[in-house]
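Listed here are the chains, written in short residue letters.
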Amino acid sequence: NVISAPRVHKQQTGYFTLLFLGLLGKNKGIYDLLECIRDHKVEFQGKLKLYIGGNGEIEHVKQLIKEYGIADITIFEGWVSGDKKIELLNKSDAYILPSYKEGLPISILEAMSYGCPVVLSNTSCFPEIAQKAGLYFDPTEIDDIHEKMKIMTGDVALRHYYIEEGYKRIKSFSWEKCAQQHIEVYKSLL
């Protein structure tokens, strides 16, 4: 997987802004994330905003946001791409993906390229891909998700460390680097 060069122009929102991008459903852990926000909404009120971009079980996600009383914390954007995705990446302080199982989502790479530390489940290849660019949690443990969110929101120095590690890591996924790797493979076959 490769990503395009980011168009970074970070924006301050006055809140700690988390971003989730992906297919809305149980496997992506979106329902656990919404439960975590619900269970800690008093703590997050006025301090945190979660932006959700995606498709899939849209109506169920909207229903839970309303039922849990977290519409002031959780903003559903629908499917995002192009300029809207760039806008969300630029206003996000961190990226969160609590998937139960996953391949290699481009969204993680894009988030790191936009200076977003990552808060990811410890499943699939996430720890291998993001390495030291963020925090990892057990997606079946809502308390673990909450703990990692608290750490990320509360420690500015740690966030800066994760941002720098993300920038280092993302170099492996540039068009130039991947093209060179393909050339080397082709040369080795000749």
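Refer to the structure presented above.
Residues numbered from 1 in each chain as written. Predicted model: local features only at pLDDT ≥ 70, side-chain atom pairs only at ≥ 80, totals over all residues. Heavy atoms only, no water.

Novice: Can you lay out the overall build of the protein chain for me, pointing to particular residues and giving the numbers?
Specialist: Looking only at helices and strands, the protein chain has 9 helices and 6 strands in total. Whereas a compact globule of 190 residues would reach a radius of gyration of roughly 16 Å, the protein chain reaches 17 Å, a difference of no more than 12%. If one aligns the C-alpha atoms of the protein chain with their principal axes, the spans along those axes are about 60 × 35 × 30 Å. Taken over 190 residues, the protein chain has a buried fraction of 47%. (Helix = DSSP H or I, 4+ residues; strand = E, 2+ residues; numbered from the N terminus. Rg over C-alpha atoms; globule rule 2.2 N^0.38 Å. Buried < 20%, exposed > 50% of the residue type's maximum accessible area, 1.4 Å probe, protein only.)

Novice: I'd like to hear about the state of the cysteines, residue by residue, with values.
Specialist: Simply put, disulfide is the name for a covalent bond between the sulfur atoms of two cysteines. For the structure on display, the rule yields 0 disulfides. Just so you know, Cys36 is unpaired, no disulfide at all, and the nearest cysteine sulfur is the one on Cys116, 19 Å from it. The class for Cys36 is buried, based on a relative accessible area of 0%. Judged by its relative accessible area of 3%, Cys116 is buried. (Disulfide = S-S within 2.5 Å.)

Novice: Which residues make up the packing of aromatic side chains, and what values go with them?
Specialist: Inspection of every chain in the model, using the stated rule, returns 1 aromatic pair. Its guanidinium or amino end placed over the ring of Tyr68, Arg38 lies 4.6 Å from that ring's centre, counting from NZ or CZ. (Phe/Tyr/Trp six-rings, centres within 6.5 Å; stacked < 30°, edge-to-face > 60°. Lys NZ or Arg CZ within 6 Å of the ring centre and 35° of its normal.)

Novice: Outline the packing of helix α1 (residues 30-39) against helix α3 (residues 58-67), supporting the account with residue identities and numerical values.
Specialist: Between α1 and α3, the least distance of the axes is 10 Å, while the angle of their chain directions is 10°. The angle between α1 and α3 places the two elements in the roughly parallel class. For the pair α1 and α3, contact is made by Ile30, Tyr31 and Leu34 and by His60, Val61, Leu64 and Ile65, respectively. (Axes fitted to C-alpha atoms, helices over the stretch in contact; angles between N-to-C directions. Parallel < 35°, antiparallel > 145°, perpendicular 65-115°, else oblique. Contact = heavy atoms within 4.5 Å.)

Novice: Hey, could you go over the packing of α1 against helix α7 (residues 142-154) for me, with residue numbers and the actual values?
Specialist: Packed helices, taken two at a time, are described by their axes: the angle between them and the distance between them. The N-to-C vectors of α1 and α7 enclose an angle of 70°; their axes lie 9 Å apart at closest approach. As judged from the angle between their axes, α1 and α7 are roughly perpendicular. Of the two elements, α1 crosses α7, and the hand of that crossing is right-handed. The residues of α7 that touch α1, namely those facing Asp32, Leu33, Glu35, Cys36, Ile37 and Asp39, are Ile142, Ile145, His146 and Met149. Of the residues belonging to the contact of α1 with α7, the class tally is 6 nonpolar, 1 polar and 3 charged. (Left-handed = near helix turned anticlockwise from the far one by under 90°. Nonpolar A, V, L, I, M, F, W, Y, C, P; charged D, E, K, R; others polar.)

Novice: Explain the sheet that holds strand β6 (residues 134-137) to me, using residue names and the numbers behind them.
Specialist: Here we have 6 strands laid out as an open sheet, ordered β3-β2-β1-β4-β5-β6, and parallel in their pairing. Of all the strands in the sheet, just β3 (74-78) and β6 have a single pairing partner and so form its edges. Across the sheet, the mean angle from the axis of one strand to that of its neighbour is 20°, orientation sign disregarded. Bridge count between strand β2 (residues 48-53) and β3: 4 bridges; the pairing is parallel. Each residue of the ladder has a partner; that of Leu50, found in β3, is Thr74. Its contacts with the sheet place α7 against β1 (16-21), β2, β4 (94-97), β5 (118-121) and β6, and it is angled at close to 165° to β6. (Pairing = 2+ DSSP bridges.)

Novice: I'd like to hear about a nonpolar patch on the surface, residue by residue, with values.
Specialist: Where nonpolar side chains cluster on the molecular surface, the patch consists of Val185, Tyr186 and Leu189 and spans about 350 Å² of accessible area. For Tyr186, the location among the structural elements is in helix α9 (residues 175-189). Residue classification places Tyr186 among the exposed residues on the basis of a relative accessible area of 54%. (Patch = residues over 30% accessible without salt bridge, like charges linked within 9 Å, V, L, I, M, F, W, Y side chains within 5 Å. Areas by Shrake-Rupley, 256 points an atom, 1.4 Å probe, with all protein chains shown as cover. Salt bridge = Lys/Arg side-chain N within 4 Å of Asp/Glu carboxyl O.)

Novice: Residue-level account of the environment of Ala157, with values.
Specialist: Within the fold, Ala157 resides in helix α8 (residues 156-170). You can call Ala157 exposed: its relative accessible area is 57%. C-alpha separation for the pair Ala157 and Val119, spaced 38 residues apart in sequence, amounts to 16 Å.

Novice: Give me the lowdown on the nonpolar core, citing residues and values where you can.
Specialist: Tyr95 and Met149 are the most contacted members of the largest nonpolar core, which has 53 residues in total. When residues of this core are assigned to their parent elements, the largest contribution, 6 residues, is made by α1. When neighbours within four sequence positions are excluded, Met149 is seen to be in contact with Leu18, Leu33, Cys36, Ile37, Phe44, Leu48 and Ile96. (Core = buried A, V, L, I, M, F, W, Y, C linked by side-chain atoms within 4.5 Å.)

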